[in-house]
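Summary of the model geometry
Read off the chains here:
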Amino acid sequence: MRLLHTTKLVLETPTGVRPYAILSHRWLADHEELSFQDLQRMQIPPSEGPHNNYAGAAFPPRVQGKEGFKKFQGACDHASRAGLEYIWIDTCCIDKTSSAELSEAINSMYAWYRDSAVCYVYLHDVGDDGNFQSGFEHADWFQRGWTLQELIAPDNVYFFNKDWIKIGSKATFAPILNKITHIRQDILLGNPCNPSIAEKMSWAARRKTQKIEDRAYSLMGLFGIHMPIIYGEGDKAFRRLQLEIMKSSDDQTIFAWHDSLKHPNSVRDRGLLASAPDVFSWDSPVVAMDHSHFINSLLRIVGNRSLLRDLPRGYSILNDGIHITLPMKRDVGDTWLAVLKCEGEKQEFPYGIYLKERSGCDGFLRTSPTKLQKLDPADLEGLAPHKIRIVVDHHILPTINRRQFFTFQSTDPVWEHCGYYVCPKPGGRHDVGQGSGYQVLDTDTRIELSDSMQCSCVYSRSPHGEVTVLLIGIEHHRPWIHLLTNDDLYRYVDTSLLYRRTVYGAPLVSSPTSTLSSSQADRLSLALPSPTSPQSNPIPPFALSPPRSPSSSRSLSLSHTSTGTNNHRFPQRNSTAPYSQLHIGGGTGCPVCSIIQKYSIDMNVIKNSRVDFVFEMIPDKQIEVDIRKGQVRVSEATLEVDYVITVAVSMPEAEF
C-alpha cells in the first residue's frame, strides 16, 4: 500500500503497520484531480518549514491550478494536525496507468478503509448557508457507488463541508444517515448484526458509478469477495459478483429481487440472477431464515409427514445453471410457485417467486419478475420438494416492437433526388398497389422495412437517362444491399417524378478518396455550359466520359452478379404505370419482382450474404455504396434503428 507523507508530500511504502488517514470524496473530472504522475513532477523540494507553507513551494502552477488541489491540501492539513504522518488519497496514491496496480487497489479498497485510523469525507457541494441539513441530505456523495463502502468500512468517519470545516461524524449523524441511505443505525454504529445479501444490495440501489462495471466492483468488499477486474465486460460484472457470493453463502435472499413495472423488461422471462442492485427493495429489509426455522414454518401448514422435512440446505452452481431443491407447487399451466428461505422483517411466512418450465428442456426460468410474493398459509398448502435446474442467464431478446428505417445520403447531384418503391413480397406475385407505390426519395426520407418480409428498390436517373437501381432489405436485424446498373432498367421503374437538378453549386465528385486536380477542374469548366446557356439540360460530369462499350458489365454485387443487354435506349416516359407493365413481357407489375425475375436474382443468396458494401467500376464512373447503423431510439415498447445508406460516385482518374 502506497501512502502519502502529510508534510513531505512524497509517496512512500512504509514497512510495518502505521496509522494513516484516508480520504473519501466525490471525484472531479480526471484532469482536475491530482494524479500519481503529478506527485512525480514536483519542481522544488518541499519546505522544511511549517507544514501549512509547503504547497506553494512544492508544486508547479499547473498542478496548483487544478480544482482538486484545495481538496488535496485540506486533507493533508487535517491529517497532519491530527498527528498522522500518512494519508491515503485514491486520486494520487494509485498509478492508474498500471492495470495490475489498479486491480489490486480495487480488491483491497474495503480493507484499506476499514483499517484506517480515520476517514475524512469531503462534501464539495455542502456549504455554510444556514440550511445545513438540507444541503447534507442532498450531497452528491450519497449518490455514488464507491462511497457506500467508504461510509461503512471505517470505524471513525468525519464529515467536512466545502470549506474544510468539520460538521459531524458517522456516529453523531447516524439518524440522518439512516434516513438518507436506509442503512440501519446498528450497522452504522458498528454494533454486531448480520445483514442479508438482499439488504446489502438494497443499500447500493439507485447509486451511480462512472463505469457500469464499478457497480459490481464497488460492492466486492461488502461481501468479502475478490475477483479479477475486467473493464469492458459491462453488466457481466454484476453477474460474476453474484456467482462469487453464492460460492460462499447459501443465503437465498440473493434471489429475492423484483423489477419495477417501469423496467423495460418487466414482463419477459429472466434468469435467476438480478440484473442490477436497483431491483433489490429498500422499503423493508429481506431477512434470511434459519434453515430449521424455515422447515418448521412450512411443516406447520403442510403437516409433519411432509417430504419437506428432509429439504436440503444448500445448492450448487454448475455451467448449465443453478441446481437447487425448493418447495414448489404448480400454479397455472407451466408456471410454478417456488418458496424461498427468506422473509420480510415483520413477516410471518416466507417469500415466493414464480418459475416457468422451459419448453423442450428440463430447466426453469424466472417469470413475472415484478413479483416477489408475500405468502400466506393458503399459498403453502400442497408444497412438495422439487430438485430443479434454474437458468442463470436468459438471452432471448425482449418482446418489444422493433422498427427499422433506412435513410439515404449522397453528395452526387444525380443521387440527391431519387425514387423508391417498397415491395411487400419480393419474388412473389402481387399488384403494384399492394406496395407503397412510387415515391420521391429525399435526404429526409425514412424508408421503413420489416425484417425478413419487405424489400425496397431505390433508383436514380442521370440526365442522359441512365437508370441505376439499388435493392435494399433486412434479414434477422442485419441490412443488405444489391446494386444493378443494367441498361434496360428504365423499363421497370417510374422516373417521371424525379426532380432533375443542375450540377452548379453541387460537388462533381463525391468519393472521399477521389479529388480533381486543377487541370481536371479546368477541363470540366470548359466542357460545362454556362448558367445562361440556352440549353435546357445541363451536361453532367458523366457526359464527359466516352460511351460505354456494348459488352460492358452493368451490374455488380458481392453476393450476386447479373448482366443485361445494352441497347442504349433511354426513352423519357410520363406514364405513372409500372414500367414493367409497359415493357414487352412485363412481369408481375411490381418493379422489384420484375427486376428479380428479369435478371434471375436469387434473393436467398443475397439475404444470407448480408452484403453491406458494393463497389463497381465502369468505363465512365465508379460507384461505391455502403450501409451502416445510425441512430438507435429505445423506449419501453419500441426499438427504432436507423440504417444510413451512402452512395459515392466519382470519375476515374484515367478518364482525363
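Just above, that's the structure.
Residues numbered from 1 in each chain as written. Predicted model: local features only at pLDDT ≥ 70, side-chain atom pairs only at ≥ 80, totals over all residues. Heavy atoms only, no water.

Observations concerning the side chain of R240
Looking at the element boundaries, R240 is found in helix α13 (residues 236-247). In terms of polar contacts, R240 uses its side chain to reach the side chain of E233, at 2.6 Å. For R240, the contacting residues outside a window of four places in its chain are Y217, M227, P228, I230 and E233. (Helix = DSSP H or I, 4+ residues; strand = E, 2+ residues; numbered from the N terminus. Polar contact = N/O pair within 3.5 Å; in protein donor to acceptor, adjacent residues only side chain to side chain. Contact = heavy atoms within 4.5 Å.)

Brief notes about the pairing of strand β17 (residues 401-410)
Bridge analysis of β17 against strand β27 (residues 638-650) gives ten bridges, and the strand direction is parallel. Residue F408 lies in a different strand from β27, and its bridge partner there is I645. The pairing of β17 with strand β20 (residues 447-449) spans three bridges and is antiparallel. Residue pairing across strands places F406 opposite I447, the latter belonging to β20. (Pairing = 2+ DSSP bridges.)

Description of the environment of H138
Locating H138 in the fold gives a position in the loop between α7 (132-137) and α8 (147-152). Among the residues examined, H138 registers a relative accessible area of 62% and is labelled exposed. Each C-alpha atom, one on H138 and one on I180, is 8.6 Å from the other, the two residues being 42 residues apart in sequence. (Buried < 20%, exposed > 50% of the residue type's maximum accessible area, 1.4 Å probe, protein only.)

Let's talk about the state of the cysteines
By the definition in use, this model includes zero disulfides. No disulfide involves C92; its sulfur sits 4.4 Å from the nearest other cysteine sulfur, which is in C93. Among the cysteines around C457, which has no disulfide bond, C590 carries the closest sulfur, lying 7.3 Å off. (Disulfide = S-S within 2.5 Å.)

Limitation: the analysis is restricted to geometry and does not speak to function.
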